[in-house]
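# Structural features, examined
One letter stands for each residue in the lines below.
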Amino acid sequence: MLFLLLLIPLAASLLFWTVKSNRKVINIINISGTSALFAVSLFILKEVLEHGKITSNALGGIFYIDAFNGLILFTTTLVTLLVSIYSTGYMNTEYDRNIVNHSSFRLYYSLLHLFIFTMILTTITQNIGLMWISIEATTLASAFLVGFYNNKKSIEAAWKYIIICSVGIAFALLGIVLLYYSAFNSLGNTLQCLNWQFLNDNAGTLHANVLKIAFIFVVIGFGTKVGLAPMHTWLPDAHSQAPSPISALLSGVLLNTAMYGIIRVMTIVNKNAGNSLFTGRLMIILGLLSVGFAAIFILVQKDFKRILAYSSIEHMGIIALGFGISSALSIFASLFHIINHSLTKSMLFAASGNVYLKYDTKKISKINGIIKVMPVTGTVFLLGLFAITGMPPFSIFTSELGITIAAFKEAKYLAAGLLLLFLTLIFAGFTSQMLGMFFGKPHKDHGIGELNRITPVVLLIILAIIAVTGLYLPPFLEKLINSARDIILQV
Amino acid sequence: MEEIAKILNIISICILISTFSLVASKRILSYLNAFRIQSILLAAVAAIYSVYYLVAEGKLEGIIIIFFMTVALKVIYIPKMLKKISLRVEYKVEKDFFINIPISIIICCGLVVLTWFTVSKIPLMNNGYNGIFLVQSVSVILMGLFFMISRKKAIGQIIGLLVIENGTFLTAMLLTSGMPMIVEFGIFFDLLTAVLILGIFVFRINETFEHIDINKLRNLRG
C-alpha cells in the first residue's frame, strides 16, 4: 500500500510522455492520478487510525506512517487533488490563448506529478536522511515550474528559489550529519541511526550539546524551505511568479512538508532534554519574526499574489509559534492550522489565478470590480481574504484562537500580545490593500462571466470545507489530530 | 586508527587550504581548478577509509562507492560541464567580486577562528581528532557560503554551493566514516540534478538578460 503512494505519481509523470497530442488524455491522466492518490491515502489513514502506525519492512523500515505524517499526507493528497482539478481549467485557458504550447503543456503536468511524488516521499519516510534528499528534490522538481513562463521575472524567481533553498538545505544536511554523529557515537553504526522511531526511542542516550547544534542547523536549513523569516526571501518571488496552481501547491503543501522535517527532529531534541525550553524558544522567536516581517511587508506590496505569499510566511510563523509553545492545546491548534492554511491558501491562489487570467495583470491598482466581472470567483476570493485573516466562522479563526489562548495559558504574554498586534496589522493591510479590487467599475471591458466551468466548482468545494470545519470538526479528523499531538508531545 | 587519523588530518588541512586558494582566485578557470583539487582530496579521504576497512577488517565497505562517485562527478564531470558553460556564455573576467581578495582572506581566517571557538565549547568534541576535524570541515562550509555571497556571477554561486556540499561530505566522512549508503546515493543524485538544473538556468539567464551577473537581477524586491 505504501509503495502505491510513490508509484502512482511517478507512473503518471511518465505516462504524460506517451501522449502524442491529445489534451483530453493528459487531463484524464492528471485527475485520475491524483484521485487514486487521495483514495490510497484515505485507505492508509483508516489503517493508521486503527493500528496507530504502518511500517514497511523493506529497507530497514524507512517508510513509516503514524498519525502525525498521516495528517500531513492527508492534507497533501487532498490539496493536490483539488489543485490538479483546478489546474486543468487554468492550463486549458492558457493553452487556448497560445501562451503555452503542446510540449510545455505536457512538461508542466509531468513535472507537476514529479513534484507531487517528491512531496509524498518526504511525508511518508521516517529516515531523516531520506527526508533531506526528498526535500531537496522538491526544490529541483519545482524549479522549472516556478520558471515556467520563462520571462525575466520568473527566471529570476526560479534562480533565487533554487540557490537560496539549496544553500539553506545544505545547512540542514550538516545538522543531520551531526545528529547521525551523535547517534553513531552512542548507538553504533546501523542503518537505523537515522530512523526517527529508533532515534526517538533512544533519545536519552544521545549527546545533548551535539543535538542542540544539530537542531539549530536543521531549523535554519528546513526553515529556509518553510519560509521562516529571515530566510524567507525566495518565497514571495517564487510564489508570485509561478503559475497559480503551482503557487497553490508551493504554499499549501510544500511548506508543510518542510515543517514536518523540523518537528520530527524537534521531538527527538525535546525528549533528550526532557523539556521544550531550547527548541521552544527558537521556534517562538522565528515564528514571531516571520509574522512580524509579513505584517510589515504586506502593507507595502503592489502585487496581489505577493500579498498572498507574505501571508504564507505569516501562517508558517503562526504554526512554528504553536509548536514552540508546546502545550497540548497549542500543538493541537498548530496541527489544525496546517490543514486550514493549506486549504484556505490554495483556494486563494486558485482564485487569484482566475483573476490573473481575466485581467492579465497582477497589479492591485489595475484591477477593479472583480465581483461584477466574475461573481463566483470574486465572492470566494473576498470571503477567502476574510478567512485567511482569521475571521469567524472560517476554520483559521478557530486554530488561531487556540494558539493565542495557549500562549496566554502558558504565560507567554509577550508572544501572545505581539501575535495579536501583528495579526491586527495584517488584517488592516489585507483590507486596505485588496478590498478595492472587488468593487467599482472595471477599467477595461473584460467581458462578464467565469473563465470556465471547472474552476469555480473547485473554489466552492474548498470554501464549503473551510466553512464547515470552522464550526464542526469531523470525529476522524479530531482523533487523527489528537493522536498526532500525543506523538509530538510524547505522552 | 591513530595513524589513519593523522593522515586524514593532513588531508583535511589541505582541503581547508584549497578552499582558501579558491577564495583567493579571480578567474573562472582558477575557481574550477581549486574546486577540482578540493574534490580530489575529498576522494582521497574516501579512498583511505575504504583501504583501511579492507586491510584492517577485511571487508569492502560502501565508502568505496563514494570514492568512485566523487571522482566521476566532482573531479571529472561537474568541472568539465561548468567549464563548457562558462565558455559558451561569453565570460570576460574582470572584477566580479564585492570584497577584494586580501580582505576576503582575512574574513575567512576569522571564520576559521570562530568555528574553532564554537567547537571548543562542545565537551564531546574535546577528545581526539574529532574536534579538529569538525573545525576544519565546518570552516570549509562557512567559507563556501562566504564565497557565494562575495561573487556576483552565476557560476561563482554554483561553485560556492558545491564547496558547501563538499564541506558537508567531509564532515560526514571524518566524523562518522560516511552516512548510510542509501542516503549518500540520494545526496549525490540530488547534487548532480541541482548542478544540471542550475546550468540550464545559467543559459536561460544569459539568453533573457544578456549577462549572468546575479547582482543585476533586481526585478523582484521587497
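Each value, and the rule that gives it
- Residues numbered from 1 in each chain as written.
- Chains lettered and ligands numbered in written order.
- Predicted model: local features only at pLDDT ≥ 70, side-chain atom pairs only at ≥ 80, totals over all residues.
- Helix = DSSP H or I, 4+ residues; strand = E, 2+ residues; numbered from the N terminus.
- Buried ≥ 20, exposed ≤ 12 C-beta atoms within 10 Å, placed from the backbone.
- Contact = placed C-beta atoms within 7 Å.
- Nonpolar A, V, L, I, M, F, W, Y, C, P; charged D, E, K, R; others polar.
- Axes fitted to C-alpha atoms, helices over the stretch in contact; angles between N-to-C directions.
- Parallel < 35°, antiparallel > 145°, perpendicular 65-115°, else oblique.
- Left-handed = near helix turned anticlockwise from the far one by under 90°.
- pLDDT = per-residue confidence, 0-100.

## What about the overall build of chain B?
Within chain B one finds 7 helices and 0 strands. Reading the secondary structure of chain B in the N-to-C direction produces α-α-α-α-α-α-α. Along the first, second and third principal axes, the C-alpha atoms of chain B reach 55 × 35 × 30 Å. Split into buried and exposed, the 222 residues of chain B put 42% on the buried side. Look at the contacts in chain B between residues 6 or more apart in sequence, and 73% of them connect residues 24 or more apart.

## With respect to the interface of chain B and chain A
Contacts between the two partners involve 35 residues from chain B and, on the opposite side, 34 residues from chain A. Broken down by secondary-structure element, the contributors of at least two residues to the side of chain B that touches chain A are α5 (130–150), α6 (154–176) and α7 (181–209) of chain B. The leading source of residues in the side of chain B that touches chain A is α7 of chain B, at 14 residues. Classifying every residue of the side of chain B that touches chain A gives 23 nonpolar, 9 polar and 3 charged.

## Thoughts on the packing of helix α13 (residues 328–359) of chain A against helix α18 (residues 454–471) of chain A
Residues and elements named next belong to chain A. Direction vectors running N to C along α13 and α18 enclose 155°, while the axes themselves pass 10 Å from each other. Taken together, the axes of α13 and α18 lie roughly antiparallel to each other. Classified by chirality, the crossing of α18 by α13 is left-handed. Residues N340, L343, T344, S346, M347, A350, A351 and N354 of α13 lie in contact with α18, whose contacting residues are T455, V458, L459, I462, L463, I465 and I466. Across the contact of α13 with α18, the residue classes tally to 10 nonpolar, 5 polar and no charged.

## With respect to unusual backbone geometry
All names here are of chain A. A cis geometry characterises the amide bond from A229 onward to P230, with omega recorded as 0°. Along the chain, P230 turns up in the loop between α8 (208–226) and α9 (234–241). Going from P392 to P393, the amide bond is cis rather than trans, its omega being 5°. Structurally, P393 is set in the loop between α15 (375–388) and α16 (395–409). Phi at S326 is positive, roughly 60°, even though this residue is not glycine. You will see that D360, though not glycine, has its phi angle at about 60°, which is positive. By the element assignment, D360 lies in the loop between α13 and α14 (370–373). For D360, a count of 11 C-beta atoms within 10 Å translates into the label exposed.

## Notes on the confidence of the model for chain B
In the predicted model, chain B carries a mean pLDDT of 86, and 95% of its residues have values of at least 70. Reported confidences for the modelled complex are a pTM of 0.94 and an ipTM of 0.92.

## Some thoughts on the packing of α5 of chain B against α6 of chain B
All names here are of chain B. Close contact between α5 and α6 brings their axes to 7 Å; oriented N to C, the two are set at 170°. If you check the angle between α5 and α6, you find them roughly antiparallel. Residue-level inspection shows N130, F133, L134, S137, V138, V140, I141, G144, L145, F147 and M148 of α5 in contact with α6, the latter providing Q157, G160, L161, V163, I164, N166, G167, T168, L170, T171, L174 and L175. Looking at the contact of α5 with α6 residue by residue, the classes come out as 14 nonpolar, 9 polar and no charged.

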